[in-house]
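# Chain and residue survey
Each chain, letter by letter, is given below.
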Amino acid sequence: MKPMRDQLDQLMNGTALSANYEAMVKQAVADPAVQQWLTANREDLAADAVTRGAAKIYEYVSQRDEKAAGQPGFAPGYQPQLVVSNHLIDITYEPTAAKIAADKEAKQAALITSMNMPKANAQATLADYDSTPERAEALAAAFEFTNALTKAPHAFHQGLYLTGPFGVGKTYLLGAIANALAAQGIASTLVHFPTYTVELKEAIHDQSVQQKVDRLKKAQVLMLDDIGAESLSPWIRDDVLGIILQYRMQEEKPTLFTSNKTMAGLTDFLAGVEVGNNEGLKAQRIMERIRFLATEITVGGRDRRNG
Ligand code: ADP
Ligand code: MG
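To start, this report covers the structure provided alongside it. The structure presented is a predicted model; accordingly, all values stated were derived computationally and were not measured. (Residues numbered from 1 in each chain as written. Chains lettered and ligands numbered in written order. Predicted model: local features only at pLDDT ≥ 70, side-chain atom pairs only at ≥ 80, totals over all residues. Heavy atoms only, no water.)

Moving on: the nonpolar core. Tyr161, Tyr196, Leu216, Leu224, Phe257 and Ile290 are the most contacted members of the largest nonpolar core, which totals 31 residues. Counting only elements with at least two residues in this core, the list comes to helix H9 (193-203), helix H10 (209-218), strand E6 (221-225), helix H11 (234-250), helix H12 (263-271) and helix H13 (280-293). Tyr196 has contacts with Met115, Val191, Lys212, Val213, Leu216, Val240 and Ile244, leaving out every residue within four places of it along the chain. Core analysis: the next-biggest nonpolar cluster, separate from the first, contains 26 residues, Ala124, Tyr129, Ala176 and Met223 among them. (Core = buried A, V, L, I, M, F, W, Y, C linked by side-chain atoms within 4.5 Å. Buried < 20%, exposed > 50% of the residue type's maximum accessible area, 1.4 Å probe, protein only. Helix = DSSP H or I, 4+ residues; strand = E, 2+ residues; numbered from the N terminus. Contact = heavy atoms within 4.5 Å.)

Pasting the structure below:
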């Protein structure tokens, strides 16, 4: 490689270059980062590399400075980098740290299917879940479940049945678990169960019931939010919930629940006790499946919704 000075001179003498462009290229080549790179790669570069690569150097410096000024440049999310290619100077565009992080986040978000869940839940993390004494057991169980499933994604792991009053953070904890699992590449489907049952009843007319039920049956991890808050219907109980849970029990698929009702309260609800029925046997069949799939854990503390 010729001394840098010679190459610069040669460049400046090129008659084809307009004076303005010439000045800009000269400035680009003289840029400290460029000079440092040229020195570091001196051995690998051809004698006329700077002259022939002047346009690349100029592109590198101008794109780098545009990005530094907060402009997108012509490859948003990518950062220019000088490289040696066949002993000449070339430029590549590498994803920025911000783009890598955004891509990772998008990939993780794609692992979570939320059906009618509160928007804020998407940001929930186990780390942010303040562990008051009334919530410590639930948080510990959430960590345990997440770790166990991550270690052995294809083995059966009993999920959680989170019960407690409104506003204590049951739904939030589901979101936090889903995010922790997504970070490990495990997909979750979160469903607000009462809304789902309404949509299912509407779907009878467009024949998509089967497909809607299948989505829940086959979800890698299923989280049913607010079970027991739907309006009681034998069809939903026996032919929807019963079928979904039966399948997940047989296939040993992780399933989590939240409810304002305890398991005992849910048993009465499903039996129709609240509306004067006594379908205890049918309720028991559902409860057996829920008990197989999940452990009951009480969540307490203040109502975070109203202060
Ligand atoms: P539940 O499902 O028990 O009725 P939620 O999970 O909906 O309660 O929580 C009630 C409110 O408190 C929501 O707005 C939720 O985002 C918020 N919340 C719950 N736990 C936390 C937490 N650890 N950090 C921040 N916000 C929380
Ligand atoms: Mg809730």
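Back to the text.
What follows covers the packing of H9 against H10. Here H9 crosses H10 at 150°, and the two axes come no closer than 9 Å. In terms of orientation, H9 lies roughly antiparallel with respect to H10. Taking contact as the criterion, the partners of Tyr196, Leu200 and Ala203 in H9 are, on H10, Val209, Lys212, Val213 and Leu216. When grouped by side-chain class, the residues that make up the contact of H9 with H10 number six nonpolar, no polar and one charged. (Axes fitted to C-alpha atoms, helices over the stretch in contact; angles between N-to-C directions. Parallel < 35°, antiparallel > 145°, perpendicular 65-115°, else oblique. Nonpolar A, V, L, I, M, F, W, Y, C, P; charged D, E, K, R; others polar.)

Take the pattern of salt bridges next. This structure, assessed with the given rule, holds nine salt bridges. When the shortest N-O distance is used, the salt bridge between Arg52 and Asp48 registers 3.6 Å. The partly exposed category is assigned to Asp48, whose relative accessible area is 27%. Note that Asp214 is salt-bridged to Lys217, the shortest N-O span being 3.7 Å. Here Asp214 and its partner Lys217 are both found in helix H10, three residues apart, which amounts to about one turn of the helix. Connected through shared salt-bridge partners, Asp31, Arg64 and Asp65 make up one network. (Salt bridge = Lys/Arg side-chain N within 4 Å of Asp/Glu carboxyl O.)

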